[in-house]
Amino acid sequence: MKGIILAGGNATRLRPLTKITSKQLLPVYNKPMIFYPIETLVRGGIEDILIIVAPNYAGHFLNLLGSGREFGAKFTYEIQEEPRGLADAFIVGEDFIKGENVTMILGDNIFEDDFKEQIRNFQSGGHIFAKEVPDPEKSAVVEFDNDGNVLSVVEKPKEPKSNYAVPGIYIFDKRASEFAKGLKPSERGEIEIVELYLQYLKTHELKVDVLNGWWEDAGTFDGLLRVNNFIAEKARLQTPEPAQQSPDVSSRRADGRSDGGQVKKELSGKEEK
């Protein structure tokens, strides 16, 4: 299994922050945003990872991430000259995939769930994920049966058939690149990822799992704020409480050393005089 992180695009929704660097390099609490999708793939057992970047900030990614050794992985880089849709990643990455199964994650999607089991057990077809949300009409919406078989996937429907959105992590078999090359651009000129789902759905090869943990798309100001707050709070809860200081504050000097006995002797001497 190989991995792809799509970190291209212009990120106009985060201007002016993204006038000086890529969205995926913005900080999320104590790490650059792209560290989180890297860690998701590595936890899933994927070590061979392609990072697709926009041309303007390619050097920033190389300077920060290097070869991938720091993460226990091997990184390859490709330039996406212009944003042509999510499914274009499988065309840009065709030589990297080389007929193997692949997991792709979006560089601005951050997950609490662990995908190790789904990645390890994947054999063929397509595998997407679902997260119940209060506003499904803003995302691709998946409808599925009790056995995890996908019945329909529709991009931003006016009347959603379920409350489950499809987040930005997908597992496909070696046919993904060929399927993507056969897709026609949509009205907005992009090769839509939903159309790639439908290629697998036609032959009843598209499965779905429901996510139980937290998920956030950090590609908007509100999303970026939420994910920063969530991870900061999670880190706070995992940090041990500092040891309680002695209530005898008179026995501690400003430099941290204890000399309470000497202080008491001095005070005692003054009282006797």
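Further up the page is the structure itself.
Described in the following lines is the structure provided in the data block.

Quick notes on the rules
Residues numbered from 1 in each chain as written. Predicted model: local features only at pLDDT ≥ 70, side-chain atom pairs only at ≥ 80, totals over all residues. Heavy atoms only, no water. Buried < 20%, exposed > 50% of the residue type's maximum accessible area, 1.4 Å probe, protein only. Helix = DSSP H or I, 4+ residues; strand = E, 2+ residues; numbered from the N terminus. Pairing = 2+ DSSP bridges. Arc of directions from axis to C-beta. Contact = heavy atoms within 4.5 Å.

1. So, the pairing of strand β1 (residues 2–7)
Counting buried positions over the 6 residues of β1 gives 6, a clear majority of the element. Strand direction decides the pairing type here: β1 and strand β6 (residues 102–106), joined by 5 bridges, are parallel. Paired with Lys2 across the bridge in β6 is Val102. Bridge count between β1 and strand β4 (residues 48–53): 5 bridges; the pairing is parallel. Bridging from a neighbouring strand, Leu6 pairs with Ile52 of β4.

2. A look at helix α2 (residues 58–65)
Residues of α2 that are buried: Ala58, Phe61 and Leu65. An end-on view of α2 places all buried positions within 65° of arc, on one side of the element. Among the structural elements, β1, α1 (35–43), β4 and β5 (74–79) are those in contact with the buried residues of α2. A positive phi of about 60° marks Gly66, the residue just after α2.

3. Quick word on the environment of Pro134
Residue placement: Pro134 occurs in the loop between β8 (126–132) and β9 (140–144). Among the residues examined, Pro134 registers a relative accessible area of 82% and is labelled exposed. As for Pro134 and Tyr164, which are separated by 30 residues in sequence, their C-alpha atoms are 8.8 Å apart.

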